[in-house]
Amino acid sequence: MRPKFLKREVIILKRLIALVLVLVLALTPVANAAVYENQRVRIVIGSTAVSGDSYMVADIVNRYLQKYLGCQSKVDPVGANEAFATIKTAAPDGMTFMIFHDMTYLGVLFGSYSAEYDLENMVIGPRVGQNPGSCFAAKKNAPYKDMREMADWLKANPDKTVRLSVELGSVSNLGFVIYYVWLHDLYGEDVANQLRFVLGGSTDTKLQQLWDNNADVIFGDYSSFLQYTAEGVDEQLALKYVGILDKIPGRDDVPVYGDMGITMDGKPIYFSKDFLIYLPKGTPEAVVAELDEAVAKMQADPDFQADMAKMTYAGNTLQSKEAKEFIYAKRDAIKRVLSVAPNIEDLE
């Protein structure tokens with residue numbers, strides 16, 4: 001028969017072991033604990049406008065990320081300079097990230113931003129959507145129906161010019177360059193040099209440039225110009241689409257770059273803006289994995305697809321690994337085109 005004091009020691013020892021196990025479990029992170037659950041998240045975008053596609057896409061995506069991440073997030077339209085600087089300096093904990101389109105790498109390719117903002121200096125998250133509606137528009141009474149006919153009109157009128165209002169380092173800059181290179185290759189340098197560059201700003205600014213006869217063609221978003229293409233619009237304000245960079249579902253009546261025979265790298269060009277999540281360098285894989293999971297659920301949500309379609313956007317997502325490969329390849333293809341393109345500012 002055991003002495004009573006040994007029984008007491010055994011009981012005490014068992015209790016101590018149980019207490020230690022409880023403390024260890026409490027202090028050890030759970031492997032699959034949510035990164036974003038109940039966290040406050042800041043989503044910066046490279047635009048200050050709340051009416052353009054940068055904000056609209058981010059706003060839609062944000063609502064579904066809140067749903068599937070369980071976080072309290074807010075879209076902050078700080079503009080490109082501030083957005084890039086934020087991603088460079090923010091803590092790599094996933095609580096601050098950027099949703100932005102191709103200007104993320106175009107700004108560096110065009111020299112508007114330094115190489116410190118290269119894609120290699122960010123963590124590439126999933127793609128959250130696309131906008132096929134980047135486009136050029138002109139006054140309804142312009143002497144050409146589209147940009148293919150514009151080329152013929154320029155050739156037939158060597159004393160005329162067409163002034164295109166675009167923003168430096170942006171998708172509009174790219175749209176101009178693609179058209180210039182195609183025009184140069186097919187119609188010759190003299191015709192290509194009849195294009196003129198006009199520095200534009202917001203959509204409202206570019207519209208005013210057009211209406212004040214300070215530009216002949218302006219760049220913007222399909223949905224932003226739509227109201228001015230409707231029947232019955234005042235003649236002084238009426239617009240027509242002359243070149244849309246990609247196909248818009250349900251709109252087979254509008255001129256699309258690739259369908260008109262406009263090419264990039266020798267192939268008909270169809271260019272949608274791709275909106276990706278970008279995070280600070282050093283962000284852990286666990287953070288990106290949680291974003292991937294939420295975006296996969298978002299992609300499968302019919303309400304998300306419907307909300308994107310209402311704005312003529314596409315809810316085509318990619319997981320982070322595929323998104324990184326995709327955006328790097330897209331950047332490299334555009335880099336080849338820019339290597340043979342003129343400096344747009346020489347065409348002012």
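Provided above is the structure to which this section pertains.
Residues numbered from 1 in each chain as written. Predicted model: local features only at pLDDT ≥ 70, side-chain atom pairs only at ≥ 80, totals over all residues. Heavy atoms only, no water.

Peer 1: Give me the pairing of strand 5 (residues 134–139): which residues, what numbers.
Peer 2: The element strand 5 is extensively covered by neighbouring structure, given that six of its six residues are classed as buried. Here five bridges tie strand 5 to strand 8 (residues 217–221), and the two strands are oriented antiparallel to one another. Across the sheet, the residue bridging to Phe136 is Phe219, located in strand 8. Bridge count for strand 5 against strand 9 (residues 239–244) is five bridges, and the pairing is antiparallel. Bridging from a neighbouring strand, Phe136 pairs with Gly243 of strand 9. (Buried < 20%, exposed > 50% of the residue type's maximum accessible area, 1.4 Å probe, protein only. Helix = DSSP H or I, 4+ residues; strand = E, 2+ residues; numbered from the N terminus. Pairing = 2+ DSSP bridges.)

Peer 1: So what about the pattern of salt bridges? Which residues, and what values?
Peer 2: Applying the stated rule across the entire model yields 19 salt bridges. Arg42 is the salt-bridge partner of Asp76, the closest N and O atoms lying 2.9 Å from each other. Pair noted here: Asp76 is in strand 2 (residues 72–77) and Arg42 is in strand 1 (residues 40–45), with a separation of 34 residues, a long-range link. For Asp76, a relative accessible area of 25% puts it in the partly exposed group. Residues Glu293 and Lys297 are paired through a salt bridge, measuring 3.6 Å at the closest nitrogen-oxygen approach. Of this pair, Glu293 and Lys297 both sit in helix 10 (residues 285–299), separated by four residues, roughly a single helical turn. What makes Glu293 partly exposed here is its relative accessible area of 46%. When its relative accessible area of 39% is taken as the criterion, Lys297 is described as partly exposed. When salt bridges with common partners are traced through the structure, they connect Asp59, Arg63, Asp307 and Lys310 into a single cluster. (Salt bridge = Lys/Arg side-chain N within 4 Å of Asp/Glu carboxyl O.)

Peer 1: Give me the lowdown on the sheet that holds strand 12 (residues 273–280), citing residues and values where you can.
Peer 2: Overall, mixed pairing links the five strands, which are arranged 2-1-3-12-4 in an open sheet. The outermost strands of the open sheet, each flanked by one partner alone, are strand 2 and strand 4 (122–131). Averaged over all pairs of adjacent strands, the angle between strand axes in this sheet comes to 25°, irrespective of strand direction. Bridge count for strand 3 (residues 96–100) against strand 12 is three bridges, and the pairing is antiparallel. Its bridge partner being in strand 12, Met98 is matched across the sheet by Tyr278. Contacts between helix 12 (residues 320–338) and the sheet are confined to strand 4 and strand 12, with strand 4 contributing the most and set at about 80° to the helix. (Axes fitted to C-alpha atoms, helices over the stretch in contact; angles between N-to-C directions. Contact = heavy atoms within 4.5 Å.)

Peer 1: Account for the side chain of Asp307, naming residues and giving values.
Peer 2: Along the polypeptide, Asp307 turns up in helix 11 (residues 302–310). In this structure Asp307 comes out as buried when scored by relative accessible area, which is 16%. Here Tyr64 takes part through its side chain, which lies 2.7 Å from a polar atom of the side chain of Asp307. The residues contacting Asp307, other than those within four sequence positions of it, are Ile60, Arg63 and Tyr64. (Polar contact = N/O pair within 3.5 Å; in protein donor to acceptor, adjacent residues only side chain to side chain.)

Peer 1: Which residues make up the packing of helix 2 (residues 53–69) against helix 11, and what values do they have?
Peer 2: It is the contact of helix 2 with helix 11, at a shortest axis distance of 10 Å, that shows an interaxial angle of 170°. Comparing the axis directions of helix 2 and helix 11 gives the class roughly antiparallel. Along its contact with helix 2, which presents Val57, Ile60, Val61, Arg63 and Tyr64, the element helix 11 presents Asp303, Phe304, Asp307 and Met308. (Parallel < 35°, antiparallel > 145°, perpendicular 65-115°, else oblique.)

Peer 1: Explain helix 5 (residues 147–156) to me, using residue names and the numbers behind them.
Peer 2: Every buried residue belonging to helix 5 is among Met147, Met150, Ala151 and Leu154, and all of these are buried. Each buried residue of helix 5 sits inside an arc of 105° when the element is viewed along its axis, so together they form one side. Exposed residues pointing more than 90 degrees away from the buried face of helix 5 are listed as Lys155 and Ala156. (Arc of directions from axis to C-beta.)

Peer 1: Can you break down the layout of surface pockets residue by residue, with the values?
Peer 2: Estimates place the volume of the largest pocket at around 740 Å³. Elements represented by at least two residues in the lining of the largest pocket include exactly helix 2, helix 3 (80–89), helix 6 (171–187), helix 8 (203–211), strand 8 and helix 9 (222–225). Per-class residue counts for the lining of the largest pocket are nine nonpolar, 18 polar and six charged. (1 Å grid on protein atoms, 1.4 Å probe; cavity = no way out; pocket = protein on both sides within 12 Å on 5 of 7 lines; lining within 4 Å. Points joined across faces, edges and corners; volume = space filled by probe spheres on them. Nonpolar A, V, L, I, M, F, W, Y, C, P; charged D, E, K, R; others polar.)

Peer 1: A description of the nonpolar core should follow, citing residues and the corresponding values.
Peer 2: In this structure, Tyr179, Leu183, Leu195 and Tyr257 are the most contacted members of the largest nonpolar core, which totals 64 residues. Here this core gets eleven residues from one element, more than from any other, and that element is helix 6. Ranked by size, the runner-up nonpolar core spans 31 residues in total, among them Ile43, Leu65, Met298 and Met308. (Core = buried A, V, L, I, M, F, W, Y, C linked by side-chain atoms within 4.5 Å.)

Peer 1: Just give me the short version of unusual backbone geometry, but keep the residues and values in it.
Peer 2: One can expect most non-glycine residues to show negative phi and most peptide bonds to be in trans. Phi is positive for Asn38, close to 65°, though the residue is something other than glycine. Mapped onto the elements, Asn38 comes out in the loop between helix 1 (4–27) and strand 1. Of note, Thr312 is a non-glycine position whose phi angle comes to about 65°, a positive value. Along the chain, the position of Thr312 falls in the loop between helix 11 and helix 12.

Peer 1: Describe the side chain of Ser170, listing the residues and the values that go with them.
Peer 2: For Ser170, the position within the fold is in the loop between strand 6 (162–166) and helix 6. Judged by its relative accessible area of 5%, Ser170 falls in the buried class.

Peer 1: Go over the sheet that holds strand 9, please, and point to the residues and values.
Peer 2: Within a sheet, adjacent strands bond to each other through the backbone by hydrogen bonds, running parallel or antiparallel. Strand order in the open sheet formed by five strands is 7-6-8-5-9, and the pairing between neighbours is mixed. Looking at the sheet topology across the chains shown, the edges are occupied by strand 7 (195–199) and strand 9. Strand-to-strand twist across the sheet, computed as the mean angle between neighbouring axes with direction ignored, equals 35°. Relative to the sheet, helix 6 contacts strand 5, strand 6, strand 7 and strand 8, its axis offset from that of strand 7 by approximately 170°. Taken strand by strand, helix 8 contacts strand 5, strand 6, strand 7, strand 8 and strand 9, and its axis lies near 155° from that of strand 8.

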